[in-house]
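Structural features, examined
Spelled out, the chains give:
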Amino acid sequence: MLNAVERSTQPGATGVPQFYIAATSSLQERRPRMLKHGDTFAVFDHNGDVLAGPSTPEGLFHRDTRYLSHLDLSINGQRPMLLSSTVRSDNALLTCDLTNPDLFDGDRLLMEKDTIHIRRATFLWRQTCRERIAVRNHGLAEQRVRIAIRFACDFADLFEVRGSSRPRRGGMGVPDVGPDRVTLRYNGLDRVVRTTRLGFEPEPTALTAASAVWEVLLKPHEQVSFFVDIALDDRVTDHSPAPGFMRELRQARRALAASRSRAAGVSTSNSVFDETLERSSADLYMLMTDKPGGPYPYAGIPWFNAPFGRDGLLTALQMLWSDPDVAKGVLHFLAATQATEEIPEADAEPGKILHETRGGEMAALGEVPFRHYYGSADSTPLFVMLAGAYLERTGDFEAIRSIWPNVKAALAWIDRYGDRDGDGFVEYGRRTDEGLANQGWKDSHDSVSHADGSMARGPIALCEVQAYVYAAKRAGAALARRAGEDALGDRFERSAEELRVRFEAAFWCEDLGTYAIALDGEKRPCRIRSSNAGHALFAGIASPERAARVADSLMSPQSFSGWGIRTLASNEARYNPMSYHNGSIWPHDNALIAMGFERYGFFDRTMRIFEGLFAAAAFIDLRRLPELFCGFPRRPGRGPTFYPVACAPQAWAAATPLGLLGASLGLRFDPANRAIRFCRPSLPAFLDRVDLRGLALCGSRVDLRLTRYRDSVAVTVIGREGDLGVETVL
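Now for a description of the structure that goes with this document. If you're wondering where the values come from, they're calculated on a predicted model, not measured in any experiment.

1. With respect to the packing of helix H6 (residues 324-336) against helix H8 (residues 379-394)
- Interaxial distance between H6 and H8 falls to 10 Å at its minimum, and their mutual angle equals 145 degrees. Judged by the sense of rotation from one axis to the other, the crossing of H6 with H8 is left-handed. Residues Pro324, Ala327, Lys328, Val330, Leu331, Leu334 and Ala335 of H6 pack against Phe383, Leu386, Ala387, Tyr390, Arg393 and Thr394 of H8.
- Per-class residue counts for the contact of H6 with H8 are 10 nonpolar, 1 polar and 2 charged.

Put into structure tokens, the structure is as follows:
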């Protein structure tokens, strides 16, 4: 997923990779409408209906279960015609405008098309889906209108929807039908009763366990409204659907606005880029779910509406300059769910950081291993990296103090469990056949190979994981010294330097001018040109001389498509621009590489990546960068080629514009001296000006204007609350 992580294990007896997400239809073709609040999300078609089919993600889902599998509206027995369909810019409300088709009785025209206008307005709030259906007669004559809603609930586990088969399922309970309410129940094999309650107002003319019908006589220009609420499990509404609709819509919009208000505001001289930023921000805060320790960005919709360790960590790192509270929430949640014992079936070991957690029936029964699953090699070092970066950004050591034991446990896991054979590198290899075979961010079954295309056999030591471990140990050293444990800090610093030397010796491929993607189980380097090497720059492990050569390799025509850097260079054996990890382009991958380029002073290359991804976003529906797109070369006048089942929105893709903007501006924070620094700030050619509002540090805020003059950027303070200093370092 960010992950499609569960797409990643080796093919089983059927030849289908384990936990494979079946691609029987293209999400890009369907372009579904999506809403989310907390652990609940919904996927509708353009009419606002739910017409779920095999391996299609439409439906109303809560905690990895589909509580509503069918919902369709008809007028006088016919499906309405679509006029328009859109989700508000803040992601709070789906609005669908529809009208009647020509309605006949034999050869006699009963109602001419476009006589009746139907507006459906739908939103999610606290485990409830609320809908208002406004019906207006625009004709000159009275019209008899029959509005019918059909519905069904299959209570399918999300992994079933994705294509997994189950030998047994639970059973449906007896429907409970009242004058204006229907309750449908599923008795799960996990002994959990899951409930969908549908309420209707006004009371339908006819109501069954599968449909509600209203029949009305509409005068010319008269409008009537019908309300439907769909409450899940123990969600009990204290008011009827009609007044509840407006009350809870206001609450939903205010909650989204309040969460977004924490972040620094950004506006620019480019209206299209502003739209891209607005969409990214709206998607990120829709994906945020409040946890006891703070906000956590769920990975993506439709397949990954759950906490993922790697995804949350990398999303928080990209957002850190703008909204450090997200990093704080991620750190506290992952500390609270850190493994404390060895559980082979969950790939759990003491100190290891969560890969993902799921709440559905199949996870509870162990039919999939993801109830609390730890099968990622990189979440643990990334956790320490984020802890160090958060302290550097905010100076908030009290937040770090509360998780300092977890940070030390994570660093202990790296040396004890991560380094399986004692060679100084962190390797992965699943401890159960039910777990993930590849446990880096490129987790598909064919993502790690040798130059001849043969698959690498594990345990595998990934290039970027060693880079993250290096950065984690350096962060651990700084945190230890801040905690007054200087000797421990010195040990972490020495260990990081020793790893850097070993890494250069084992991973560098002189003839390729880049780092190998991995070492296989026999310590043979997998000598292929991949985007993984760019993460060595992001984490700072690469020597300056070799960093320059890696940058050259990544920006060569074989790797850089014009839209972004491919996951695999086009001259490699397994290159396929339509693959998941062997030639596609991932926005977050490019943002991390661009951040690495900025670290080493390759500002022009940062700008090229920025420009390429911005150009791609300009061609994409809603300006929404997807999880990934295909790696075909950029052609004049044409947009990027979409990947058929890419998630959108997806958190780390949505955070990409923020990561790119922070890198281009060279943003640094100095809490000890209450200063914000711009180190050699740059702006791409499509931006002449950037305004930052409410950029916060140590309880103070500044408003800034950055203006590009040819190859330089001037920084002007246009507002200040408190005593923050602002500096430009050239």
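Resuming the write-up.
2. Thoughts on the environment of Asn571
- Here Asn571 lies in the loop between helix H13 (544-554) and helix H14 (587-599).
- For the pair formed by Asn571 and Pro204, sequence separation is 367 residues and the distance between their alpha carbons is 64 Å.
- Setting aside residues up to four positions removed in sequence, Asn571 forms contacts with Arg529 and Gln558.

3. Details of the pairing of strand E22 (residues 288-291)
- The pairing of E22 with strand E23 (residues 294-297) spans 4 bridges and is classified as antiparallel. Looking at E23, one finds that Thr289 is bridged to Tyr296.
- Between the antiparallel neighbours E22 and E23 lie 2 residues.

4. Quick look at the pattern of salt bridges
- Summed over all chains, the structure comprises 57 salt bridges.
- Note that Arg166 is salt-bridged to Glu367, the shortest N-O span being 2.9 Å. One end of the pair, Arg166, is in the loop between helix H2 (158-161) and strand E14 (171-172); the other, Glu367, is in the loop between helix H7 (361-365) and strand E25 (372-373), with 201 residues separating them in the sequence.
- Look at Glu367 and you get partly exposed, because its relative accessible area is 27%.
- Glu275 is the partner of Arg623 in a salt bridge, and the nearest nitrogen-oxygen pair spans 2.8 Å. With Arg623 in the loop between helix H15 (603-619) and helix H16 (651-654) and Glu275 in helix H4 (residues 271-287), the pair connects residues that are 348 residues apart, well separated along the chain.
- Salt bridges here are not isolated pairs; linked through shared partners, they connect Asp45, Asp49, Arg79, Arg120 and Glu131.

5. A word on the environment of His581
- With respect to the element layout, His581 can be found in the loop between H13 and H14.
- Spatially, the C-alpha atoms of His581 and Leu695 are 36 Å apart, while their sequence positions differ by 114 residues.

6. Regarding the nonpolar core
- By size, the foremost hydrophobic cluster in this structure holds 150 residues, and its most contacted members are Trp321, Phe383, Tyr515, Phe597, Ile609, Leu692 and Leu695.
- Dropping the residues within four chain positions of it, Tyr515 is found in contact with Cys463, Phe503, Glu504, Phe507, Trp508, Ile528, Ala533, Ala536, Ala542, Ser543, Arg546 and Val550.
- In terms of nonpolar packing, the next biggest core, distinct from the first, is built from 43 residues, Ala42, Cys129, Phe200 and Trp214 among them.

7. Details of the sheet that holds strand E30 (residues 525-526)
- Read across the open sheet, the 3 strands follow the order E26-E29-E30; overall the sheet is antiparallel. Either end of the sheet is taken by a strand with one partner, and the two such strands are strand E26 (461-462) and E30.

8. A word on the layout of surface pockets
- Quantified by volume, the largest pocket comes out at close to 1100 Å³.
- For the lining of the largest pocket, the secondary-structure elements that each account for two or more residues are helix H5 (309-319), H8, helix H10 (463-482), helix H12 (534-539), H14, helix H17 (656-665) and strand E31 (667-670).
- Take the lining of the largest pocket: its biggest share by element is 7 residues, from H10.
- Here the residues of the lining of the largest pocket are counted per class, giving 18 nonpolar, 5 polar and 8 charged.

9. Considerations on the sheet that holds strand E13 (residues 143-152)
- Taking strand neighbours across the sheet as the criterion, the 5 strands line up as E3-E6-E13-E19-E18 in an open arrangement whose pairing is antiparallel. Unpaired on one side and paired on the other, strand E3 (50-51) and strand E18 (206-207) mark the two borders of the sheet.
- Here E3 pairs with strand E6 (residues 70-75) via 2 bridges, running antiparallel. Within E6, the residue paired with Val50 across the bridge is Leu71.

10. Considerations on the side chain of Gln439
- For Gln439, the position within the fold is in the loop between helix H9 (397-418) and E26.
- At 2.9 Å, the side chain of Gln439 and the backbone oxygen of Leu436 are in polar contact.
- When residues no more than four places from it in sequence are discounted, the contact partners of Gln439 are Arg310, Asp347, Lys352, Tyr373, Gly375, Ser376, Ala377, Asp378, Tyr428 and Arg430.

About the thresholds
- Residues numbered from 1 in each chain as written.
- Predicted model: local features only at pLDDT ≥ 70, side-chain atom pairs only at ≥ 80, totals over all residues.
- Heavy atoms only, no water.
- Axes fitted to C-alpha atoms, helices over the stretch in contact; angles between N-to-C directions.
- Helix = DSSP H or I, 4+ residues; strand = E, 2+ residues; numbered from the N terminus.
- Left-handed = near helix turned anticlockwise from the far one by under 90°.
- Contact = heavy atoms within 4.5 Å.
- Nonpolar A, V, L, I, M, F, W, Y, C, P; charged D, E, K, R; others polar.
- Pairing = 2+ DSSP bridges.
- Salt bridge = Lys/Arg side-chain N within 4 Å of Asp/Glu carboxyl O.
- Buried < 20%, exposed > 50% of the residue type's maximum accessible area, 1.4 Å probe, protein only.
- Core = buried A, V, L, I, M, F, W, Y, C linked by side-chain atoms within 4.5 Å.
- 1 Å grid on protein atoms, 1.4 Å probe; cavity = no way out; pocket = protein on both sides within 12 Å on 5 of 7 lines; lining within 4 Å.
- Points joined across faces, edges and corners; volume = space filled by probe spheres on them.
- Polar contact = N/O pair within 3.5 Å; in protein donor to acceptor, adjacent residues only side chain to side chain.

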